[in-house]
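Listed below, chain by chain, are the residues.
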Amino acid sequence: MNGPELQLLLTDALLLDAVEGVDTIANRLVDLYDRWNAGVRDDNDIALLAQVLTDLGWWSGRLQGAISSATTDELDRLVSGGA
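Note that the coordinates shown come from a computational prediction; the quantities given were computed from them, not determined experimentally.

K.L.:
Whenever I open this one, the overall build of the protein confuses me. Can you help?
P.N.:
If you tally the helices and strands in the protein, you get 3 helices and 0 strands. Mapped in sequence order, the helices and strands of the protein form the string α-α-α. Over its C-alpha atoms the protein spans a radius of gyration of 18 Å, topping by over 25% the 12 Å that the globule rule assigns to 83 residues. Residues counted as buried form 11% of the 83 residues belonging to the protein.

Written out as structure tokens, the structure reads:
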């Protein structure tokens, strides 16, 4: 396996993990919404919401950390229309 193939494999693995993580967070938010919509409140709801927000921040950091500076430089160049 060469460098680009390994990089693609690692990127795909990260994206699969991220999909699973975001799905888990979304399901927890849907459950919380459904309970609140039904008028059911729990003392642990604020703690659950805080954990969901923490998890979102963790995933954001993980994804941002996976972006190389060369990639962000290239994206900036493409967006700005530079050569």
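K.L.:
For this particular structure, what's the right way to read the packing of aromatic side chains?
P.N.:
To describe a pair of aromatic rings, one takes the distance between the centres and the angle between the planes. Under the counting rule described, the total for this entry stands at 1 aromatic pair. Seen from their ring centres, Trp58 and Trp59 are 4.8 Å apart, and the 85° between their planes marks the pair as edge-to-face.

K.L.:
Is there a simple way to explain the confidence of the model for the protein in this structure?
P.N.:
Averaged over all residues, the pLDDT of the protein is 87; the fraction at 70 or higher stands at 92%. Within the protein, helix α2 (residues 45–66) carries the highest mean pLDDT (92), whereas helix α3 (residues 69–80) carries the lowest (70).

K.L.:
Looking at this structure, how should I read the pattern of salt bridges?
P.N.:
Pairs can form between side chains of opposite charge once their charged atoms are near each other. This structure, assessed with the given rule, holds 3 salt bridges. For Arg62, the salt bridge goes to Asp17, with nearest N and O atoms at 3.3 Å. Of this pair, Arg62 sits in helix α2 while Asp17 sits in helix α1 (residues 3–37), and the two are 45 residues apart along the sequence. Arg35 is paired through a salt bridge with Asp45; the nearest N and O atoms lie 2.1 Å apart. Note that Arg35 is positioned in helix α1 and Asp45 in helix α2, a separation of 10 residues in sequence. By relative accessible area, Arg35 is classed as partly exposed at 29%. For Asp45, a relative accessible area of 3% corresponds to the buried category.

K.L.:
Any chance you could explain the layout of surface pockets here in plain terms?
P.N.:
Rolled over the atoms, a probe with the dimensions of a water molecule shows which regions are left empty. Of the volumes computed, that of the largest pocket is approximately 200 Å³. What lines the largest pocket is a set of 10 residues, and nearest its centre among them are Gln7, Thr11, Leu14, Ala66 and Ile67. Where the lining of the largest pocket is concerned, the elements lending two or more residues are α1 and α2. Ranked by residues supplied to the lining of the largest pocket, first place goes to α1 with 5 residues.

Procedures and definitions
- Residues numbered from 1 in each chain as written.
- Predicted model: local features only at pLDDT ≥ 70, side-chain atom pairs only at ≥ 80, totals over all residues.
- Heavy atoms only, no water.
- Helix = DSSP H or I, 4+ residues; strand = E, 2+ residues; numbered from the N terminus.
- Rg over C-alpha atoms; globule rule 2.2 N^0.38 Å.
- Buried < 20%, exposed > 50% of the residue type's maximum accessible area, 1.4 Å probe, protein only.
- Phe/Tyr/Trp six-rings, centres within 6.5 Å; stacked < 30°, edge-to-face > 60°.
- pLDDT = per-residue confidence, 0-100.
- Salt bridge = Lys/Arg side-chain N within 4 Å of Asp/Glu carboxyl O.
- 1 Å grid on protein atoms, 1.4 Å probe; cavity = no way out; pocket = protein on both sides within 12 Å on 5 of 7 lines; lining within 4 Å.
- Points joined across faces, edges and corners; volume = space filled by probe spheres on them.

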